[in-house]
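Each chain, written out:
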Protein chains: 4
Amino acid sequence: MEVLLTGFEPFDGQRTNPSWDAAVAVRPTGYTLATLQLPCVFDESLRVLENALSTHRYDVVISVGQAGGRPNITPERVAVNLNDARIPDNAGNQPVDTPVVPHAPTAYFSTLPVKACTAALTAAGIPAAVSHTAGAFVCNHVFYGLMHLVATEHPHLRAGFVHVPFTPDQTQDAPSLPLSTTAQALDLIIRTTLETSQDLHTPTGTLH
Amino acid sequence: MEVLLTGFEPFDGQRTNPSWDAAVAVRPTGYTLATLQLPCVFDESLRVLENALSTHRYDVVISVGQAGGRPNITPERVAVNLNDARIPDNAGNQPVDTPVVPHAPTAYFSTLPVKACTAALTAAGIPAAVSHTAGAFVCNHVFYGLMHLVATEHPHLRAGFVHVPFTPDQTQDAPSLPLSTTAQALDLIIRTTLETSQDLHTPTGTLH
Amino acid sequence: MEVLLTGFEPFDGQRTNPSWDAAVAVRPTGYTLATLQLPCVFDESLRVLENALSTHRYDVVISVGQAGGRPNITPERVAVNLNDARIPDNAGNQPVDTPVVPHAPTAYFSTLPVKACTAALTAAGIPAAVSHTAGAFVCNHVFYGLMHLVATEHPHLRAGFVHVPFTPDQTQDAPSLPLSTTAQALDLIIRTTLETSQDLHTPTGTLH
Amino acid sequence: MEVLLTGFEPFDGQRTNPSWDAAVAVRPTGYTLATLQLPCVFDESLRVLENALSTHRYDVVISVGQAGGRPNITPERVAVNLNDARIPDNAGNQPVDTPVVPHAPTAYFSTLPVKACTAALTAAGIPAAVSHTAGAFVCNHVFYGLMHLVATEHPHLRAGFVHVPFTPDQTQDAPSLPLSTTAQALDLIIRTTLETSQDLHTPTGTLH
């Protein structure tokens, strides 16, 4: 099985981005792994991703992003067709209330088994929870664009997005995880996806 | 202008629900206000709401729910077509991974001016932020059902959902707000909605 | 009864400090109130406070400081004889591991009725909790210095420290309270102190 | 070098306590380790600890406790002479506003190199921060009692307290760490203590 894992370059004044550092630290076990760094730039990130998908056939694509302040590894459940950038991206773009893809659906669900992945992480002693928002910045942009590509051009592909916490060197007060834990989590998410055809039927929804 | 404000009955072991207590504490200024308590029950909550909308013509409908742990008054931006109940509702139902409305869109955006409302609250010294998830419990269920009713039967209606924090008596450690502040916030949201035809073009999106 | 309420000037890049803005917004009811702004500077803050206490006889002195990120009004229980400045103060001083007062006790308890104050705030619908650390920056410095002055020179004085949350304009994500709520809280803390000779015997300790 | 590491039995409705589970998971490297489980009971916990210290000569004693909700491994800096139990302990005791040791100092500082330990943890990619409050429950009780024993009977002993986060199975929303990370952290704290005669002179104080 061929898996593509994408991470982002650093943004928002950070010198590192655990989404990329963890992606390249994954030691694949039982699958073939390609990694791809995406620029933290609206549109350009999606062009880089689309190009990768058009030149090689992957079975699973998982995009990973940094969620500074979250304590858990969070597989995202839903991507929204909205750009609303609180800060400029790395190229200075700051789209406000534009669609990721004009005239496309308001939202897409992930096609990863987000519940099985979360259960596998928790069973391995790794903090994890399903999330219902990827925000409205470049992470959600890539997630939505990826799911639109799946819906329109790559129907065989299983795809989704995972947010990961800061590493300890990035923060003084906010929650964080060792990079090795995050890398281990990404491998476990990939393996769980490859081994799971039907997601678990367990409640993981948030109350609000 | 005729406004309907809904709040919920208590749930999850709480004895009060600030969404209802604040709704009935609103002193309307320059509009006519009706309040309606919804049961914290899947489907039945939407039947009660649908019945109210079918028997009286409102200009604005705002549903309000409790978001225990949030520090801000949060106008919600997007409703998702998903029920995934972590806990049973007040009638013992616990739907997992069912749609709110079968064969309907994955999500709807609020048609309230969520940015103008948030700006008005902040200008009044009240903690506020736009939220991009209403969860997957009865709050999101009502929000999605409401927006679907607007989309399919009440196109003139401006509608949306607002989550409010705990009151101080509900928690020892979590953020909370005085009930009078929350009631003042709801009045301000209503007035801002009535006075705003075009929402602000300012970034309020979260990074994740 | 004569009450002195001190607040701080802004620090850490903020343009306002709710401890001062709320102090001057208090409308005293049944007592005489003096307010005093302290510089956010080690030692100089205590000289200003000591001078005020030596030139006028107060019955109660309450110092107030900003606790960015806390959701509650927090009467502090214990002051520690330690300066450990994570950031420079407003004069560029950054003491590390020095005592506030050499050869003095490791800590002093507040002599305010912190439990009665917290109970009064909660009863008024205002978020409140007793805190067991005022940190190691200028707030704790002033609190310790004040209690040392009480212990050594002003034994009749009832004194303590209260931390207050951000106002909504100071933050996008952190908890905050309306300034009017914080001002109301300070008045209530003063009145409760004046009316309470023996603090409540209720548990308010944190588990960690 | 002989090291004693204590952890607690579960409390507050939890079925496990990571302070104990991590303590027994430590694989000592270059020192001799004894582990001791303390009951989560006022006074009795200190009797068990005192007995251990009187029957064997240790060089270092570190007590460890669970701090549910904290994201970091937190070496504690100061113990306070105060019991104020929000909940009953495991024997049903609920002391309110009693001293740990009557007529003893208000507080003691840890004699562990808390800054060197925190720096070593962060350098190893483990979330860590110095804390300035151990609360007012059994953790602070044991910490204060331990430091009083050091001050009065075991002056050669280096001693202190470390709070550790939940493990992922204990919580759905709160921050947590893998147990293996916490065990690795405890070993690193012990080794750093043994290798450090003079603590670092770096600021780690909190602002409030």
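Cut-offs and rules
- Residues numbered from 1 in each chain as written.
- Chains lettered and ligands numbered in written order.
- Predicted model: local features only at pLDDT ≥ 70, side-chain atom pairs only at ≥ 80, totals over all residues.
- Heavy atoms only, no water.
- UniProt positions renumbered as here; feature names shortened; annotations may be inferred.
- Helix = DSSP H or I, 4+ residues; strand = E, 2+ residues; numbered from the N terminus.
- Rg over C-alpha atoms; globule rule 2.2 N^0.38 Å.
- Buried < 20%, exposed > 50% of the residue type's maximum accessible area, 1.4 Å probe, protein only.
- Contact = heavy atoms within 4.5 Å.
- Areas by Shrake-Rupley, 256 points an atom, 1.4 Å probe, with all protein chains shown as cover.
- Lys, Arg positive; Asp, Glu negative; His and termini not counted.
- Charge placed at Lys NZ, Arg CZ, Asp CG, Glu CD.
- 1 Å grid on protein atoms, 1.4 Å probe; cavity = no way out; pocket = protein on both sides within 12 Å on 5 of 7 lines; lining within 4 Å.
- Points joined across faces, edges and corners; volume = space filled by probe spheres on them.
- Nonpolar A, V, L, I, M, F, W, Y, C, P; charged D, E, K, R; others polar.
- Least-squares fit on C-alpha atoms with pLDDT ≥ 70 in both.
- Expected span 1.5 Å × (residues − 1).
- Salt bridge = Lys/Arg side-chain N within 4 Å of Asp/Glu carboxyl O.

As annotated in an unreviewed UniProt entry, chain A is Pyroglutamyl-peptidase I from Saccharothrix lopnurensis. A UniProt comment under Subcellular location (unreviewed entry) is attached to chain A, and it reads "Cytoplasm". Under Catalytic activity (unreviewed entry), UniProt gives the following word-for-word description of chain A: "Release of an N-terminal pyroglutamyl group from a polypeptide, the second amino acid generally not being Pro."

Undergrad: What's the story with the overall build of chain A in this structure? I'm lost.
TA: When you go through chain A residue by residue, the secondary structure sums to 5 helices and 9 strands. Counting from the amino terminus, helix and strand elements in chain A follow one another as β-α-β-α-β-β-β-β-β-β-α-α-β-α. Since a compact globule built from 208 residues should have a radius of gyration of about 17 Å, the 16 Å found for chain A is in line with a globular shape. Taking the principal axes of the C-alpha coordinates as reference, chain A spans close to 45 × 40 × 35 Å. Split into buried and exposed, the 208 residues of chain A put 64% on the buried side. Taking as baseline every contact in chain A between residues at least 6 positions apart, the subset at least 24 positions apart corresponds to 80%. Carbon and sulfur atoms make up 50% of the accessible area of chain A, which totals about 7400 Å². Here chain A holds 10 positive side-chain charges and 18 negative ones, and the gap between their average locations is 7 Å.

Undergrad: Help me out: how do you make sense of empty space enclosed by the protein in this one?
TA: It is the rolling of a water-molecule-sized probe over the atoms that shows where space remains empty. A complete count under the given rule lists 4 cavities of 30 Å³ or more for this structure. The space that makes up the largest cavity amounts to roughly 60 Å³. Taken together, Val78(C), His132(C), Val78(D), Val80(D), Leu82(D), His132(D), Thr133(D), Ala134(D), Gly135(D), Ala136(D) and Asn140(D) form the lining of the largest cavity. When grouped by side-chain class, the residues that make up the lining of the largest cavity number 6 nonpolar, 5 polar and no charged.

Undergrad: Even after reading the chapter, I still don't get the environment of Ser176(C), so can you show me in this structure?
TA: Mapped onto the elements of the fold, Ser176(C) is located in the loop between β9 (158-164) and α5 (179-195). In this structure Ser176(C) comes out as buried when scored by relative accessible area, which is 4%. Taking the C-alpha atoms as reference points, Ser176(C) and Pro165(C), separated by 11 residues in sequence, lie 5.4 Å from one another. Excluding anything up to four places from it in sequence, Ser176(C) contacts Pro127(B), Leu177(B), Pro165(C), Phe166(C), Thr167(C), Pro168(C) and Thr171(C).

Undergrad: I'm lost on the relation of the copies chain A and chain B in this one. Help?
TA: Superposition of the two copies of the chain requires a rotation about an axis and a shift along the axis. Laying chain A over chain B is done by rotating through 180 degrees and shifting 0.0 Å along the axis; what remains is an RMSD of 0.0 Å. As the rotation angle and translation indicate, the two copies are arranged about a two-fold axis. A shared binding surface is used by both copies, with 100% of the interface residues of chain A retained as interface residues in chain B.

Undergrad: How should I be thinking about helix α4 (residues 138-152) of chain A in this particular structure?
TA: Residues lying three or four places apart along an α-helix face the same way, a consequence of the helix completing one turn every 3.6 residues. Relative to the 21 Å expected for 15 residues at 1.5 Å per residue, α4(A) spans 21 Å between its end C-alpha atoms, a close match to the ideal helical length. Taking burial as the measure, the 15 residues of α4(A) include 13 buried ones, the bulk of the element.

Undergrad: What's the story with the UniProt feature "active site" (unreviewed entry) in chain A in this structure? I'm lost.
TA: Residue and element names in this part refer to chain A. Mapped onto the present numbering, the UniProt feature "active site" (unreviewed entry) falls on Glu76 and Cys139. In sequence the annotated residues extend across 64 residues, while in space they remain close, none of their C-alpha pairs exceeding 10.4 Å. Along the polypeptide, glutamate 76 turns up in the loop between β4 (74-75) and β5 (78-80). According to the relative accessible area criterion, glutamate 76 is buried, its value standing at 0%. In contact with glutamate 76, other than residues within four places in its own chain, are Arg70, Ser110, Val114, Ser131, His132, Thr133, Ala134, Phe143, Phe161 and His163. Within the secondary structure, cysteine 139 sits in helix α4. Contact partners of cysteine 139, with chain neighbours within four places excluded, come to Phe8, Gly65, Gln66, Ala134, Phe161 and His163.

Undergrad: Help me understand the pattern of salt bridges in this model?
TA: The final tally for this structure, using the stated rule, is 32 salt bridges over all chains. Close ionic contact of Arg77(D) with Asp84(C) constitutes a salt bridge, the shortest N to O distance being 3.2 Å. Of this pair, Arg77(D) sits in the loop between β4 (74-75) and β5 (78-80) while Asp84(C) sits in strand β6 (residues 83-84), each in a different chain. The shortest N-O distance in the salt bridge between Asp187(C) and Arg191(C) comes to 3.1 Å. Here Arg191(C) and Asp187(C) lie together in helix α5, a separation of 4 residues that amounts to about one turn. For Asp187(C), a relative accessible area of 9% puts it in the buried group. A cluster of three or more residues bridged by salt bridges with shared partners is formed by Arg77(A), Lys115(A), Asp84(B) and Asp97(B).

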